[in-house]
Amino acid sequence: MENQPLAALRRQLPSLRLLDAAGDLEHYGRDWTRRWTPAPLAIALPASIDEVQTIVRWANAERVALVPSGGRTGLSGGAVAANGELVVSLERMNRVLGFDAIDRTLTVEPGITLHAVHEAARTHGLIYPVDFAARGSCSIGGNIATNAGGIRVIRYGNTREWVAGLKLVAGNGELLDLNRGLIKNSSGYDLRQLAIGAEGTLGIVVEATLKLTDPPLPSQVMLLGLPNMDALMCVFGLFRSRLALQAFEFFTDIALAHVLAHGAQRALDGDHPYYVVTEYDAADERAENAALMAFEEAAEQGWIADGVIAQSDAQAAALWRLREGITESLAKFQPYKNDVSMRIAVVPAFLHEMQALLEREYPGIEVVWFGHIGDGNLHINVLKPAAASSADFVRQCEGVTHELAEMLQRHGGSISAEHGIGLVKKPYLDRTRSAAEIALMRGVRRVFDPNGIMNPGKLFDDPA
Ligand code: 2HG
Ligand code: ZN
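Residues numbered from 1 in each chain as written. Chains lettered and ligands numbered in written order. Predicted model: local features only at pLDDT ≥ 70, side-chain atom pairs only at ≥ 80, totals over all residues. Heavy atoms only, no water.

**Student:** Got a minute to help me understand the site of ligand 1 in this structure?
**Tutor:** In the neighbourhood of ligand 1, the contacting residues comprise Leu-75, Arg-323, Thr-327, Lys-337, Phe-370, His-372, His-379, Asn-381, Glu-418 and His-419. In the model, an oxygen atom of ligand 1 is placed 3.1 Å from a nitrogen or oxygen of the Glu-418 side chain. For ligand 1, the accessible surface in isolation is 300 Å², of which the surrounding protein chains cover 89%. Split by residue class, the shell around ligand 1 holds two nonpolar, five polar and three charged. (Near = heavy atom within 4 Å. Polar contact = N/O pair within 3.5 Å; in protein donor to acceptor, adjacent residues only side chain to side chain. Areas by Shrake-Rupley, 256 points an atom, 1.4 Å probe, with all protein chains shown as cover. Nonpolar A, V, L, I, M, F, W, Y, C, P; charged D, E, K, R; others polar.)

**Student:** Looking at this structure, how should I read the layout of surface pockets?
**Tutor:** Which parts of space are left empty comes out when a probe the size of a water molecule is rolled across the atoms. As a volume, the second largest pocket reaches approximately 730 Å³. What lines the second largest pocket is a set of 35 residues, and nearest its centre among them are Asn-147, Arg-160, Gly-197, Ser-416 and Arg-433. Take the lining of the second largest pocket: its biggest share by element is three residues, from helix H15 (residues 435–448). A per-class count over the lining of the second largest pocket returns 14 nonpolar, 14 polar and seven charged. (1 Å grid on protein atoms, 1.4 Å probe; cavity = no way out; pocket = protein on both sides within 12 Å on 5 of 7 lines; lining within 4 Å. Points joined across faces, edges and corners; volume = space filled by probe spheres on them. Helix = DSSP H or I, 4+ residues; strand = E, 2+ residues; numbered from the N terminus.)

**Student:** Explain the packing of helix H13 (residues 347–361) against helix H14 (residues 390–411) here, please?
**Tutor:** Between two packed helices, both the angle of their axes relative to each other and the distance between the axes serve to describe the pair. At their nearest, the axes of H13 and H14 sit 11 Å apart, and the two run at 160 degrees to each other. Taken together, the axes of H13 and H14 lie roughly antiparallel to each other. Viewed along their axes, H13 and H14 form a crossing whose handedness is right-handed. In this structure, H13 contributes Ala-349, Phe-350, Glu-353, Met-354, Leu-357, Leu-358, Arg-360 and Glu-361 to the contact, and H14 contributes Gln-396, Val-400, Glu-403, Leu-404, Met-407, Leu-408, Arg-410 and His-411. Looking at the contact of H13 with H14, its residues break down into nine nonpolar, two polar and five charged. (Axes fitted to C-alpha atoms, helices over the stretch in contact; angles between N-to-C directions. Parallel < 35°, antiparallel > 145°, perpendicular 65-115°, else oblique. Left-handed = near helix turned anticlockwise from the far one by under 90°. Contact = heavy atoms within 4.5 Å.)

**Student:** In this structure, what is going on with the pairing of strand E16 (residues 377–382)? I would like to understand it.
**Tutor:** Two faces belong to every sheet, and in a regular strand the side chains alternate between them. In terms of burial, E16 is largely enclosed, as six of its six residues are buried. Residues of E16 alternate between two faces, with Asn-377, His-379 and Asn-381 on one and Leu-378, Ile-380 and Val-382 on the opposite face, all of them buried. Of the strand pairs in this sheet, strand E14 (residues 336–341) and E16 are connected by six bridges, and their pairing is antiparallel. The residue of E16 that forms the bridge with Tyr-336 is Val-382. Between strand E15 (residues 367–372) and E16, which follow one another and run antiparallel, lie four residues, and Gly-376 among them has a positive phi close to 70 degrees. (Buried < 20%, exposed > 50% of the residue type's maximum accessible area, 1.4 Å probe, protein only. Pairing = 2+ DSSP bridges.)

Given below as structure tokens:
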């Protein structure tokens with residue numbers, strides 16, 4: 001017999017598409033973390049804001065938990081439904097609703113992929129500059145829910161800089177039209193910004209007005225081989241002072257080995273412990289020469305051992321693949337992921353401490369470092385040894401993460417740079433946010449969502 005609340009939802013919204021086949025529950029109940037067993041009540045695929053609002057009101061009346069769901073490419077368990085929740089997939093709400101040439105904004109539904117946003121901006125001669133490897137699968141609603149960062153943050157900032165307006169069905173069922181595309185709006189609390197990065201705990205993003213900007217100047221992509229860890233930030237300091245950087249990313253020799261084994265092309269002959277992929281404006285000969293001079297100066301200092309500049313778009317894409325293909329190349333090892341950040345100035349000291357911790361705690365285990373070092377954001381992927389059980393491995397990694405979180409606290413950093421807290425990092429939130437902050441966050445949630453139906457158990461637990 002059908003679950004009573006679900007039967008009530010069907011009566012209230014006969015047109016709503018609902019799925020409950022075992023395969024659908026599994027598909028929509030999990031994200032890229034793969035750690036939890038999906039167990040949602042059912043999957044709702046609303047086609048309009050009205051339908052979303054009706055679902056949220058129903059959920060309040062029936063006290064059913066909702067999990068908003070985009071491309072489920074998240075790495076922190078923020079879109080996992082493992083406790084009988086109704087998954088609200090926004091995938092059918094995936095249209096571009098409008099472009100405003102004067103405001104230079106694009107209004108979209110939340111289920112549109114990041115890639116489709118890029119394409120839509122391009123048709124108007126503009127760009128939406130937030131970008132990262134999951135662009136083809138992730139959705140803009142999910143990007144907003146996690147304040148996604150990616151590979152161009154150094155130039156353009158995070159998602160929150162690019163959201164000019166947001167429609168949110170709050171947890172209490174109200175439809176909020178936040179900021180309405182205004183550039184200037186000094187009228188009290190910016191609820192739009194509260195909803196960005198809230199991981200679906202305040203409401204469901206049902207529409208977004210995104211800022212667009214001019215395409216960047218023509219650029220060059222350079223791959224560098226570095227002889228040691230200290231050279232990373234030395235090269236960054238030099239390059240940032242000389243070049244107009246669009247991206248500055250790093251990875252280690254271990255990351256390179258995996259990405260090459262996964263089909264990427266080797267671009268430098270020798271082996272180096274650290275690599276950097278950087279992209280910078282190179283509109284004319286002067287800019288290109290500045291890059292060569294910076295390269296030579298760094299080489300003279302002993303900070304760069306080898307390097308190559310892409311000579312074509314295809315070569316630039318091949319260099320980028322060495323960095324962007326890392327996550328996919330590691331997926332089969334069930335990696336445990338850390339995604340940490342600190343002020344850029346703190347990176348050198350932090351790297352040394354972190355290296356000592358990881359070497360001590362993970363003897364004989366492959367640990368892969370990479371990420372957006374120019375933003376002070378490091379990704380650490382610890383690869384599960386084939387012989388270890390998933391549960392034991394996660395337990396071991398969680399113990400180490402407690403130490404890492406303490407180290408971050410000492411350095412004023414964050415346990416989640418850009419992937420969100422979700423389920424994965426909940427135990428460490430209090431190392432990044434003070435007790436007073438967390439109490440206020442809980443209070444904000446209660447105001448938006450008095451019955452605690454929005455993505456409960458993510459970010460933090462509601463009081464019993
Ligand atoms: C990236 O920068 C993504 O490639 C994924 O944020 C990082 O897999 C990861 O740990
Ligand atoms: Zn990243």
